[in-house]
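Coordinate analysis (summary)
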Amino acid sequence: MKKALVVIDLQNDITKNYKEIIDHVNQAIDWAVDNDVYVVYIRHENLSDGTRTFKPGTRGAELVSDMKMVSSHVFTKTKGNALTSEQFANFISDNDITEFFIAGADAVACVKSTCYNLRKADYQVNVLWDCITSYNKKKMDEMLQYYESKGCKILSLTNLSDLKS
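What counts and how
Residues numbered from 1 in each chain as written. Predicted model: local features only at pLDDT ≥ 70, side-chain atom pairs only at ≥ 80, totals over all residues. Heavy atoms only, no water. Buried < 20%, exposed > 50% of the residue type's maximum accessible area, 1.4 Å probe, protein only. Helix = DSSP H or I, 4+ residues; strand = E, 2+ residues; numbered from the N terminus. Arc of directions from axis to C-beta. Contact = heavy atoms within 4.5 Å. Core = buried A, V, L, I, M, F, W, Y, C linked by side-chain atoms within 4.5 Å.

Remarks on helix α4 (residues 140-149)
Buried within α4 we find Met140, Met143, Leu144 and Tyr147. Viewed along the axis of α4, the buried residues span an arc of 100°, placing them on a single side of the element. Looking at α4, the residues exposed on the side facing more than 90 degrees away from the buried face are Asp141, Gln145 and Ser149. Elements in contact with the buried residues of α4: α3 (110-120), β5 (124-132) and β6 (153-155).

Here is the structure:
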């Protein structure tokens, strides 16, 4: 079974709450490298007229500089669901990936949509609760319950160290 850590939308225009999880995200990236798990970075670009955030070609659309970059597997999406990136979907099938570990933001938007759609496609999805955040942190508990209700496992960094590849 091949696995991937998917880091969603940790870009300069994302909520500043990401600062609270970036150390954990970097530890998850280290775990992935040490365990031969693919590390994938998902970027959001907002193509809507008049948008002020995640505009293509702007600093806001760039991945945050304090995140470890350990692979060239960077895929761009324009909708919440990461599977709408054809390049990401092809990467999954080309590499026979069946299990995902999810980190990033926003827990009530792109993380939620990606988790839902990965489960709908019958992949195994593990949400790293201490590696996700939101603009609205009050909704985090509700989101964790939502992920579980869709068949996702809720894990922490501590759980990762117990897993064998």
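Considering the nonpolar core
Ranked by internal contacts, the top residues of the largest apolar core, which has 27 residues, are Leu5, Val7, Leu10, Val25, Met67 and Leu128. Of all the secondary-structure elements, those providing two or more residues to this core are β1 (2-8), α1 (22-34), β2 (38-44), β4 (97-104), β5 and α5 (157-162). Sort the elements by how many residues they give to this core and α1 lands first, with six residues. Listed in part, the 26 residues of the second largest apolar core include Val6, Ile92, Leu118 and Met143.

Considering the environment of Phe91
Looking at the element boundaries, Phe91 is found in helix α2 (residues 86-94). With relative accessibility at 9%, the residue Phe91 sits in the buried group. Not counting residues within four places of it along the chain, the set of residues in contact with Phe91 comprises Tyr38, Val40, His73, Phe75 and Ile97.

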